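Overview (structure and organization)
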Amino acid sequence: MIKQFHIATIATLLCASLSTVSLFAQRKDTDAKISRAYYKYGALNRKTIGTADARILYAFNAENISDKGTWIDEGQLKIAKGLTQYSSHFEEVNEDNLAKWIEEHPKSSVVPPARWIQGYKPDHWIEYQYSNIKLNRSVLEEWAAMPREIEEDNLMYTEQFPLQSWKIESETQTICGYECQKATCHWRGRDYVAWFTTAIPVSAGPWKFGGLPGLIMKICDTNNDYTWEAVAVNKGSYPIYGARRKKYIKTTREKVLKLQRELNENYLKTTDLTVIQYNTGKSISSRKHPYTQLELE
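In this text the structure is predicted, and so the values were computed from the model without any measurement.

Here we look at the environment of R55
If you trace the backbone, R55 turns up in strand 3 (residues 48-60). R55 sits 25 residues away from A80 along the chain, and the two C-alpha atoms are 9.2 Å apart. Look past the residues within four positions of R55 in its chain and what remains in contact with it is Q76, L77, K78, H89, A232, V233, N234 and Y238.

In structure tokens:
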């Protein structure tokens, strides 16, 4: 059920600079002071479910691969025996810094809002940044965290893996220092080109992609709406966290896509959130903006 959350003035929960603009997604970075308990016992309450010995970092929709400020997100694929997990590295760094701030300020009853999210448009909710994709052998789970206004509607579902059926081609290129081979597929309404390396014999990749005889280092759809490209291959010991927040409702992929699409198309209406412009007393509407969902079917 959507939770109603009304705001008397922008100044109470939103940065004053928003007074002249419209919202279309949750702000990650505001002047709001969030309760200490919310972060310590809620958003930062992460359970370790495994340990990875490798982590692949991916630039997601990078305008300039050399400048993280132009990326929508930095994804991370953590690889352990029989288990992989794809999540947002930007978000994890933010959570780690929030946890550190809480430890360093034990007497504060409130904490600052998220300040460490990096990348392009760091102040907006993005479904591909807030989804935790776990692959346990042949079962893929998506734990889809919703914006804080409707976090009681966090959702999860499962699918059988692999999802894509690939055609392997002879063309090669080097990505992140690894020789990669080309593969193509049509999947859920889009045509994809992937580059995988057998030097890392893991049948996985960023987000939900996998099923090739090696790790996917780069993948994009032929319309160039979505692109992931590996920028680092790290060896070491990396904790694999379960989905943050406690409550998730088991549902179907179709219902998750529907809610995510509605949030992008009209955030305020979907969250039943009313924001009043502090200097006019009028409500702010969600801004119309182009949006193309990754899964079209």
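Examining empty space enclosed by the protein
In total, this model carries three cavities of 30 Å³ or more according to the counting rule given. If you add up the space inside the largest cavity, you get close to 200 Å³. If you trace the largest cavity, you find 19 residues lining it, with S87, E91, E95, N132 and R244 closest to the centre. The set of elements that each furnish at least two residues to the lining of the largest cavity consists of strand 5 (83-88), helix 3 (89-104) and strand 7 (131-136). Of the residues in the lining of the largest cavity, the class split is six nonpolar, eight polar and five charged.

A look at the sheet that holds strand 11 (residues 178-187)
Strand order in the open sheet formed by twelve strands is 10-11-12-13-14-3-4-5-7-8-9-15, and the pairing between neighbours is mixed. The outermost strands of the open sheet, each flanked by one partner alone, are strand 10 (167-175) and strand 15 (249-250). As paired elements, strand 12 (residues 190-197) and strand 13 (residues 215-221) share six bridges and run antiparallel to each other. Of the residues in strand 13, the one forming a bridge with A194 is I219. Of the strands in this sheet, strand 3, strand 4 (73-80), strand 5 and strand 14 (227-241) touch helix 3, which is tilted by about 90° from strand 4.

Some details on helix 4 (residues 253-265)
A rise of 1.5 Å per residue sets the reference length of helix 4, with its 13 residues, at 18 Å; its end C-alpha atoms lie 18 Å apart and thus fit the reference within 8%. Here the buried face of helix 4 lies against strand 7, strand 8 (139-144), strand 9 (155-160) and helix 5 (267-271).

A word on the pattern of salt bridges
Taken as a whole and assessed by the stated rule, the structure comprises 17 salt bridges. Here E254 ties to R253 by a salt bridge, and the two come within 3.6 Å at their closest N and O atoms. Linked through salt bridges whose partners overlap, the residues forming this network are E142, E159, R188, K208, R253, E254 and E295.

About the criteria used
- Residues numbered from 1 in each chain as written.
- Predicted model: local features only at pLDDT ≥ 70, side-chain atom pairs only at ≥ 80, totals over all residues.
- Heavy atoms only, no water.
- Helix = DSSP H or I, 4+ residues; strand = E, 2+ residues; numbered from the N terminus.
- Contact = heavy atoms within 4.5 Å.
- 1 Å grid on protein atoms, 1.4 Å probe; cavity = no way out; pocket = protein on both sides within 12 Å on 5 of 7 lines; lining within 4 Å.
- Points joined across faces, edges and corners; volume = space filled by probe spheres on them.
- Nonpolar A, V, L, I, M, F, W, Y, C, P; charged D, E, K, R; others polar.
- Pairing = 2+ DSSP bridges.
- Axes fitted to C-alpha atoms, helices over the stretch in contact; angles between N-to-C directions.
- Expected span 1.5 Å × (residues − 1).
- Salt bridge = Lys/Arg side-chain N within 4 Å of Asp/Glu carboxyl O.

That is the geometry; function is a separate question.
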